[in-house]
Amino acid sequence: MWFLKKADPLQLIGFQTYGTDTHLYIKGRALEDENIDLSEKSVLGLLVNTWKRFETDVIGNSKLILKLPDGKEYSFKTNREGYFYLYLTGSNLRAMCNKEGWLPYELSFADTTVKRKIIQENRFPGEMLIPAVEADFGIISDIDDTILHTGVVSLLKWRVIYNTFLKTPENRIPLKGASDFYHLLHRGGGGNNANPIFYVSNSPWNLYRYLEFFLKNNNFPRGPILLRSFRALFKKAASWELSHKYHEIQNILKTFPQLSIILIGDAGESDADIYREIARKYPKRILAIYLHSVKHRKKMDRIRNLYKDFKACPVLLVENSDQAIEHARKNGFIK
């Protein structure tokens, strides 16, 4: 019976975030460990995993501790939905980063006397990215149908449902050549740089581990994964200007005012509209826009018309990664 269900152990998930040498930003969630097997292949198992992702048992109003590599500790709490946000000002945070710009930290539950098992001996690692000063540029990329076959233009979004709920992340197919292209951009024109990559998606935070596994399993460069709340899925923004993705891109540009950006998305949904406005608003900051073509004639006609006579930055509608690589190489973005 459900009321006799044994309580699951506790865990903390630190989302990969970004910050600066003087601003520490930590985000994540406290949850019960539902023991989700990301390699599960049976239909029943996949449906059970999907239920577990969205029927989350959160640990609200719980005291946590953040520990940095220099030994400094900070106390804070989760909100009622189990999320935690910690924004601190500091100094010389970059000195604690590795050569790629990642600042490691450790999270733990403050109260270890609770009568619940806490996995990993109550030590949960996390990372925050501080882009290198010498970075040539940054890359902001969509995920759905940009690097991951999703099916956002399919009838009634049935392919989105099937691909998300009935496929394991290791069986999801990345767009051909996307990983190679992203590594080339990450290394930059000199071939040995560490240009930051930010992954921005309209998927909910419930899919964070799923998408993190997909990116790692398909050898994409590491980068902050910026999703939105599950509740926001049912609150359609009045316009794309108020959307999660538009807000996240603007926040990146404001956080790193000296960093030029390459935008990568697809022609299926609102990426084209958002990227066009961003390039218009920050004409000297956006180096190029790459939009992956979709098999939908009306949508493609709309995108071509949208960018007709657009002069703020180069815009390329690409059928495959080879076309994007060729353009990026000609413009000196990659070696």
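Heads up: these notes are all about the structure in this document. All values reported here derive from a predicted model rather than from experimental measurement. Each chain has its residues counted from 1, following the order in which its sequence is written. Totals for whole chains, interfaces and linings use every residue, but because this is a predicted model, local features are given only for residues with pLDDT of at least 70 and side-chain atom pairs only at 80 or more, for both listing and counting. Excluding hydrogens and water, the side-chain values take into account all heavy atoms of the structure.

Turning our attention to the pattern of salt bridges. A side-chain nitrogen of Lys or Arg and a carboxyl oxygen of Asp or Glu constitute a salt bridge if their distance falls within 4 Å. Under the criterion given, the structure shown has eleven salt bridges. When the shortest N-O distance is used, the salt bridge between Glu326 and Lys330 registers 3.5 Å. Note that Glu326 and Lys330 are positioned in helix α8 (residues 321-330) at a spacing of four residues, about one turn of the helix. Classification of Lys330 as exposed rests on a relative accessible area of 68%. Via salt bridges that share partners, Asp142, Lys245 and Asp271 belong to a single interconnected network. Per the convention used, a helix needs a DSSP run of H or I reaching at least four residues, while a strand needs a run of E reaching at least two, with both numbered from the N terminus. Burial here depends on accessible area, computed with a 1.4 Å probe over protein chains only, as a share of the maximum for the residue type. Under 20% is buried, over 50% is exposed, and the range in between is partly exposed.

With that out of the way, let us pick up the packing of helix α3 (residues 178-187) against α8. The N-to-C vectors of α3 and α8 enclose an angle of 15°; their axes lie 9 Å apart at closest approach. Considered as vectors, α3 and α8 are oriented roughly parallel to each other. Note on packing geometry: the crossing formed by α3 with α8 is left-handed. Of α8, the residues touching α3 (which contributes Ala178, Phe181 and Leu184) are Ser321, Ala324, Ile325, Ala328 and Arg329. Only Asp, Glu, Lys and Arg are considered charged, only Ala, Val, Leu, Ile, Met, Phe, Trp, Tyr, Cys and Pro nonpolar, and every remaining residue, Gly among them, polar. The residue makeup of the contact of α3 with α8, split by class, is six nonpolar, one polar and one charged. For helices, the fitted axis covers only the stretch in contact; all axes are lines through C-alpha atoms, and the angles between them, taken along N-to-C directions, range from 0 to 180 degrees. When describing relative orientation, an angle under 35 degrees is termed roughly parallel and one over 145 degrees roughly antiparallel, while 65 to 115 degrees is termed roughly perpendicular and anything else oblique. Less than a right angle of anticlockwise turn of the near helix away from the far helix marks a crossing as left-handed, whereas a clockwise turn marks it as right-handed. Every residue pair with non-hydrogen atoms within 4.5 Å of one another is taken to be in contact.

In an α-helix, one full turn covers 3.6 residues, which means residues spaced three or four apart are oriented alike. For helix α4 (residues 208-217), the full list of buried residues reads Tyr208, Tyr210, Leu211, Phe214 and Leu215. All buried residues of α4 lie within an arc of 165° about the axis, which places them on one face of the element. At the exit of α4 stands Asn219, carrying a positive phi of roughly 60°. The directions considered for the arc are those from the helix axis to the C-beta atoms.

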